[in-house]
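# Per-entry structural report
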Amino acid sequence: MSDFLFATPSFIDGAMSVIDLFGIAQEYNDSSSEAAADARAVRADINAIKADFVKAYNSAVAAYV
């Protein structure tokens, strides 16, 4: 699973969020355009599917060999 467009807060960010009532201090990973964000998301999806396929293939090979 990717974290491209989600915040990755530190301990200090978490402590600061108690004081930050309006969400001003929150930073999210962003892309330069919608097309760039879509391309990153599709690439991440393909990589996740590939990893699942490799895991399933290795599991099947181990079961039948």
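Summarised in this report is the structure supplied together with it. Keep in mind that what you see is a predicted model, and the values were worked out from it rather than measured.

Counting its regular elements, the chain contains two helices and zero strands. For the chain, with 65 residues in total, the buried portion stands at 5%. Surface exposure of the chain reaches about 5,900 Å², of which carbon and sulfur atoms provide 64%.

Next up on the list: the side chain of D20. Tracing the backbone through its elements, the reader meets D20 in the loop between α1 (11-19) and α2 (34-64). Buried and unpaired, D20 has R40 as its nearest opposite-charge partner, separated by 21 Å. D20 has contacts with A25 and Q26, leaving out every residue within four places of it along the chain.

Let us look at the packing of aromatic side chains. Aromatic rings considered in pairs are described by the distance between their centres and by the relative angle of their planes. This model, assessed by the stated rule, comprises one aromatic pair. Geometrically, the ring pair formed by F53 and Y57 is stacked, given 6.4 Å between the ring centres and 20° between the ring planes. Note that F53 and Y57 are positioned in helix α2 at a spacing of four residues, about one turn of the helix. Across the pair, exposure class does not vary: F53 and Y57 are exposed alike.

Right, let's get into a nonpolar patch on the surface. Taken together, the side chains of F53, V54, Y57, V61 and V65 define a hydrophobic patch exposed on the protein surface, amounting to about 540 Å² of accessible area. Position of V54 among the secondary structure elements: in helix α2.

Conventions adopted
- Residues numbered from 1 in each chain as written.
- Predicted model: local features only at pLDDT ≥ 70, side-chain atom pairs only at ≥ 80, totals over all residues.
- Heavy atoms only, no water.
- Helix = DSSP H or I, 4+ residues; strand = E, 2+ residues; numbered from the N terminus.
- Buried < 20%, exposed > 50% of the residue type's maximum accessible area, 1.4 Å probe, protein only.
- Areas by Shrake-Rupley, 256 points an atom, 1.4 Å probe, with all protein chains shown as cover.
- Lys, Arg positive; Asp, Glu negative; His and termini not counted.
- Salt bridge = Lys/Arg side-chain N within 4 Å of Asp/Glu carboxyl O.
- Contact = heavy atoms within 4.5 Å.
- Phe/Tyr/Trp six-rings, centres within 6.5 Å; stacked < 30°, edge-to-face > 60°.
- Patch = residues over 30% accessible without salt bridge, like charges linked within 9 Å, V, L, I, M, F, W, Y side chains within 5 Å.

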